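Below, each chain spelled out in residue letters.
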Amino acid sequence: MIKAITRRTNIQYDVTIFQTPKYREYKGYKQVYRTHIHADSHENCLEETFSTFNVTDRIPSNYEGRFISTGDIILIDEGRRGQHYYQLKPGGWQSVNRIHIR
């Protein structure tokens, strides 16, 4: 009972995907898509975003970017709680500074 009360429920995260015009570039990130993802943590949100945009049948019809791959950046905007940027590296998602977007 206590576990059910204290358990964090799914939160709706505001997610923005940034990609470079060409694969494997390190500059020139542009916003390619913005959506809302329901998850219980940032890690879960990143996994859900990755699986949504890397499975052909799950990709939204108005998405014009490519599959999420190494080097792409995801912004999780929590309003007053702050903005969190994550970049996909060969070892998984890593938190990065906003400066990478410029």
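Structure first, text after, so check above.
These numbers were taken from a predicted model, which means no experiment stands behind them.

A word on helix H2 (residues 42-52). Listed in full, the buried residues belonging to H2 are His42, Cys45, Leu46, Thr49 and Thr52. For H2, the angular spread of the buried residues around the axis is 135°, confining them to a single face. Facing away from the buried side of H2 by more than 90 degrees, the exposed set consists of Glu43 and Glu47. Close packing links the buried residues of H2 with strand S1 (11-19), strand S2 (30-39), strand S3 (73-77), strand S4 (83-89) and strand S5 (92-96).

What follows is about the packing of aromatic side chains. Applying the stated rule across the entire model yields 3 aromatic pairs. Taken together, a centroid distance of 5.5 Å and an interplanar angle of 85° make the contact between tyrosine 33 and tyrosine 63 edge-to-face. Here tyrosine 33, found in strand S2, pairs with tyrosine 63, found in the loop between H2 and S3; they are 30 residues apart in sequence, far enough to count as distant. Residue class for tyrosine 33 comes out buried when judged on its relative accessible area of 13%. On the basis of relative accessibility, which here comes to 8%, the residue tyrosine 63 falls in the buried class. On the numbers, 4.8 Å between centres and 55° between planes, the contact of phenylalanine 53 with tyrosine 63 is tilted. With phenylalanine 53 in the loop between H2 and S3 and tyrosine 63 in the loop between H2 and S3, this residue pair connects regions lying 10 residues apart in the sequence. Each member of the pair, phenylalanine 53 as well as tyrosine 63, is classed as buried. Grouping aromatic residues by their ring pairs yields a cluster made of Tyr33, Phe53 and Tyr63.

What counts and what doesn't
- Residues numbered from 1 in each chain as written.
- Predicted model: local features only at pLDDT ≥ 70, side-chain atom pairs only at ≥ 80, totals over all residues.
- Heavy atoms only, no water.
- Buried < 20%, exposed > 50% of the residue type's maximum accessible area, 1.4 Å probe, protein only.
- Helix = DSSP H or I, 4+ residues; strand = E, 2+ residues; numbered from the N terminus.
- Arc of directions from axis to C-beta.
- Contact = heavy atoms within 4.5 Å.
- Phe/Tyr/Trp six-rings, centres within 6.5 Å; stacked < 30°, edge-to-face > 60°.

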